[in-house]
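Topology and contacts: notes
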Amino acid sequence: MHLVKADVVVTSPDRNFVTLRLETDEGIVGLGDGTLNGRELAVVAYLQEHVVPLLIGRDAARIEDTWQFLYRSAYWRRGPVTMAAIAAVDTALWDIKGKAAEMPVYQLLGGASRNGLLAYGHASGKELPELFDSIREHQAQGYKAIRVQTGVPGLKSIYGIASNATYEANEGVRYDHEPAQRGDLPNEEDWDTRSYLRHVPTVFEAVRNEFGPELPLLHDAHHRLTPIQAAKLGKSLEPYDLFWLEDVTPAENQEALRLVRQHTTTPLAIGEIFNTVWDYQLIIREQLIDYVRSAVTHTGGITHLKKVLDYASQYQIKSGMHGPTDISPVGLAAQMHLGLAIHNFGIQEYMQHGERTDQVFEQSFTWQDGLLHPGDKPGLGVDLNLEEAAKYPYQRAYLPFNRLADGTVHDW
Ligand code: CS2
Ligand code: MG
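Residues numbered from 1 in each chain as written. Chains lettered and ligands numbered in written order. Predicted model: local features only at pLDDT ≥ 70, side-chain atom pairs only at ≥ 80, totals over all residues. Heavy atoms only, no water.

1. A look at the overall build of the protein
As a reminder, the rule being used: Each helix is a run of DSSP H or I of at least 4 residues and each strand a run of E of at least 2, with the numbering of both proceeding from the N terminus. Only C-alpha atoms enter the radius of gyration, while the globule expectation follows 2.2 Å times N to the 0.38, with N the number of residues. Three exposure classes are used, based on accessible area relative to the maximum for each residue type with a 1.4 Å probe and protein chains only: buried under 20%, partly exposed in between, and exposed over 50%. The contact criterion used is simple: two residues touch if any of their non-hydrogen atoms lie within 4.5 Å. The Shrake-Rupley method, run with a 1.4 Å probe sphere, supplies the accessible areas, and residue values consider only the shown protein chains as cover. The charged-residue count follows a simple rule in which Lys and Arg add positive charge and Asp and Glu add negative charge, with His and chain termini not counted at all. To locate a charge, take NZ of a lysine, CZ of an arginine, CG of an aspartate or CD of a glutamate.
Scanning the protein from terminus to terminus reveals 14 helices and 20 strands. Its C-alpha atoms give the protein a radius of gyration of 20 Å, within 12% of the compact-globule value 22 Å for 412 residues. Counting only C-alpha atoms and orienting by the principal axes, one finds that the protein spans roughly 60 × 45 × 45 Å. Considering the protein as a whole, with its 412 residues, one finds that 59% of them fall into the buried category. Of all intrachain contacts in the protein linking residues separated by at least 6 positions in sequence, the fraction that spans at least 24 positions is 72%. Surface exposure of the protein reaches about 16,300 Å², of which carbon and sulfur atoms provide 51%. Positive and negative charge centroids in the protein, built from 37 and 54 side chains respectively, lie 5 Å apart.

Spelled out as structure tokens, the structure:
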């Protein structure tokens, strides 16, 4: 079975998505997600100019060989654009293989290791009353684990707070914080670490007092702290027994996690902006993290992320795959199949997509009693409605960036 057609479909129902659509000489179609939030067109160009021409005529069954060919023949290795493009191809080939075998992809990966995937959602609120309402809203939707993000006194804007406008735009049915904002330039947000470090422990004390000790709570520091500040935050949150504290410090310097680990037992999750196993090598080998945050979409696809997670499993590290709205339903389905099959599954992030996105991507996964399941349709179980997709052309959008009070650019 050979590839005869490859199209890069860009659509922007609720946000921009990049989908690779591959077709074989037997009429089987495979889908892959190549969405890179704020840099989507870079992946589109990489795919259209440098990958699609190499795919036509290739044996669709040779997934590993195609992965190695695309990774090694490019010469310039790694990086978010390259690995998102390879991920789109890899995921589409797994979709095709499942359809050809008339099996869901998780069966090709070794079958189910659990009944379903524990998922967490994004509760948020500038102040405690709004935050508590958001937690209750997410509990009512069935979430059994919840990420908590709040405003910080003195800061005008901050990461992770679902605006009422977002809520109303989605007719109040489903909302979470979509960080990318449409426009020709990225928006500037403000930041102050000392205010944040003073405030966050008070928030979790209030949440534990209101919701009790059982509810698994997560928090995302979003790369903004130095290692010693991250250590301080982890230690100050120990009384509130977090499920995980995420992206506490920029982790290009993997050794930074050694200092954090020395000071706190709060579980650490890192890696949503990583894109190959090499980004993790030291922090996995030295057990400096507890959860691998990568998404299939940003880490070279199912083939490579499974290798990362198999490596992590040797060090008792689990998956915590990245699942915000900028992972498309195709990418989310791919990680549900992977998460169902691997033994060291931890938790799946699940920010629900908007209504328009659900019309463009016809999905077959289930969400019940706090558990996700990819379903048993052959392949990934997602269909791309090209007619719906064509209704929503690309709209330039950027993630915000941070400046400190003195004007210095800071990690966002
Ligand atoms: C966040 C994301 O979901 C998360 O953990 O870090 O919202 C992140 O900000 C976006 O995915 C960036 O595109
Ligand atoms: Mg994050």
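2. Thoughts on the packing of helix H5 (residues 128-140) against helix H7 (residues 193-211)
Spelled out, the test is: Axis angles are defined between N-to-C directions and span 0 to 180 degrees, where every axis is a line fitted to C-alpha atoms and, for a helix, only to the segment in contact. Oblique is the label for any angle not under 35 degrees, not over 145, and not in the 65 to 115 range, which are roughly parallel, roughly antiparallel and roughly perpendicular in turn. Here a crossing is called left-handed whenever its near helix is offset anticlockwise from the far helix by less than a right angle, and right-handed whenever the offset is clockwise. In this classification, the charged set is Asp, Glu, Lys and Arg, the nonpolar set is Ala, Val, Leu, Ile, Met, Phe, Trp, Tyr, Cys and Pro, and all remaining amino acids, among them Gly, are polar.
The N-to-C vectors of H5 and H7 enclose an angle of 50 degrees; their axes lie 11 Å apart at closest approach. On the basis of the axis angle, H5 is oblique to H7. Of the two possible hands of crossing, H5 and H7 adopt the one that is right-handed. Where H5 abuts H7, its residues Leu-128, Leu-131, Phe-132, Ile-135, Arg-136 and Gln-139 lie against Val-203, Ala-206, Val-207, Glu-210 and Phe-211. Looking at the contact of H5 with H7 residue by residue, the class counts come to 8 nonpolar, 1 polar and 2 charged.

3. Overview of the sheet that holds strand S2 (residues 17-24)
Rules: One bridge is not enough; two strands pair if DSSP finds at least two bridges between them.
The strand order across the open sheet formed by 3 strands is S1-S2-S3, and the pairing between neighbours is antiparallel. Only two strands of the sheet have a single partner each, and these edge strands are strand S1 (3-11) and strand S3 (29-33). Averaged over all adjacent pairs, the angle separating strand axes in this sheet is 20 degrees, with direction ignored. Where S1 meets S2, 8 bridges bridge the pair, whose relative direction is antiparallel. Bridged to Val-10 within S2 is Val-18.

4. A short note on the environment of Val-382
Note on placement: Val-382 falls in strand S17 (residues 382-384). C-alpha of Val-382 to C-alpha of Leu-217: the two residues are 165 residues apart in sequence and 30 Å apart in space. Apart from residues lying up to four places away in sequence, Val-382 is in contact with Leu-31, Pro-329, Val-330, Ala-333, Phe-361, Glu-362 and Gln-363.

5. Regarding the sheet that holds strand S20 (residues 409-410)
Strand pairing in a sheet is mediated by backbone hydrogen bonds. Such pairs are either parallel or antiparallel. If you trace the 3 strands from one edge of the open sheet to the other, you get S7-S19-S20, paired in mixed fashion. Each of the sheet's edge strands pairs with one partner strand only, and the pair in question is strand S7 (188-190) and S20.

6. Observations concerning the packing of aromatic side chains
Here is the rule: Ring geometry is summarised as follows: Phe, Tyr and Trp rings, the Trp one being its six-membered ring, pair when their centres sit within 6.5 Å, and such pairs are stacked at plane angles under 30 degrees, edge-to-face over 60 and tilted between the two. For a Lys NZ or an Arg CZ to count as sitting over a ring, it must be within 6 Å of the ring centre and within 35 degrees of the ring normal.
Following the criterion strictly, the structure yields 16 aromatic pairs and no others. Aromatic side chains Phe-132 and Phe-211 sit 5.5 Å apart centroid to centroid with 85 degrees between the ring planes, which places their arrangement in the edge-to-face category. Here the residue Phe-132 occupies a position in helix H5, and Phe-211 occupies one in helix H7, the gap between them amounting to 79 residues. Across the pair, Phe-211 and Phe-132 agree in class, each one buried. Here the aromatic rings of Tyr-350 and Trp-367 are separated by 5.2 Å at their centres, their planes lie at 65 degrees, and the arrangement is edge-to-face. Here Tyr-350, found in the loop between strand S13 (348-349) and helix H13 (355-360), pairs with Trp-367, found in strand S15 (residues 366-368); they are 17 residues apart in sequence, far enough to count as distant. One aromatic cluster is present, formed by Tyr-120, Phe-243, Trp-244 and Tyr-291 through successive ring pairs. A cation sits over an aromatic face here: Arg-15 above Phe-17, 5.7 Å from the ring centre. Here the basic side chain of Arg-224 rests over the ring of Trp-191, its NZ or CZ set 4.9 Å away from the ring centre.

7. Looking at the site of ligand 1
Under the convention used in this document: In this text, near means that some heavy atom of the residue lies within 4 Å of the molecule or strand in question. N or O atoms within 3.5 Å of each other form a polar contact, as long as, within protein, one can give a hydrogen and the other can take it, and as long as residues adjacent in sequence are counted only when both atoms are side-chain atoms.
Close to ligand 1 lie 16 residues; Asn-37, His-222, Glu-272, Arg-293 and Glu-349 are nearest. Tyr-159 is positioned with one of its side-chain polar atoms (N or O) 3.0 Å from an oxygen atom of ligand 1. Between an oxygen atom of ligand 1 and a side-chain N or O atom of Glu-349, the distance comes to 2.4 Å. Taking 340 Å² as the accessible area of ligand 1 by itself, protein coverage stands at 96%. Class assignment for the residues of the shell around ligand 1 results in 5 nonpolar, 4 polar and 7 charged.

8. A short note on the pairing of strand S8 (residues 217-220)
Put simply, the rule is: For crossovers, right-handed means that the path from the first strand over the helix to the second runs clockwise, given strands pointing away from the viewer.
The alternating pattern of S8 places Leu-217 and His-219 and Leu-218 and Asp-220 on opposite faces, both of which are buried. In this sheet, S8 lies alongside strand S5 (residues 145-150) in parallel orientation, the contact comprising 2 bridges. Looking at the pairing, Ile-146 lines up with Leu-217 of S8. Here 3 bridges tie S8 to strand S9 (residues 244-246), and the two strands are oriented parallel to one another. Bridge assignment links Asp-220 to a residue of S9, and that residue is Glu-246. Regarding the hand of the β-α-β motif, the stretch spanning S8, helix H8 (residues 227-236) and S9 is right-handed.

9. Quick notes on unusual backbone geometry
For His-222, which is not a glycine, the phi torsion comes out positive at approximately 55 degrees. Residue class for His-222 comes out buried when judged on its relative accessible area of 6%. A positive phi angle is found at Gln-316, which is not glycine, with a value near 60 degrees.

10. Quick notes on the coordination of the magnesium ion (ligand 2)
The criterion, for reference: Coordinating N, O and S atoms are those within 2.8 Å of the metal (3.2 Å for Na, K and Ca), and as water is not part of the atoms, a site may appear to have fewer donors than expected.
Surrounding the magnesium ion (ligand 2) are the protein donor atoms Asp-220 (OD), Glu-246 (OE) and Glu-272 (OE), at 2.0 to 2.2 Å. The sequence pattern formed by the donor residues of the magnesium ion (ligand 2) is D-x25-E-x25-E. A residue pair is termed long-range when its members are at least 10 positions apart, and Glu-246 in strand S9 and Glu-272 in the loop between strand S10 (268-270) and helix H10 (281-285) qualify at 26 residues. Assessed through its relative accessible area of 0%, Glu-246 is described here as buried. When its relative accessible area of 11% is taken as the criterion, Glu-272 is described as buried.

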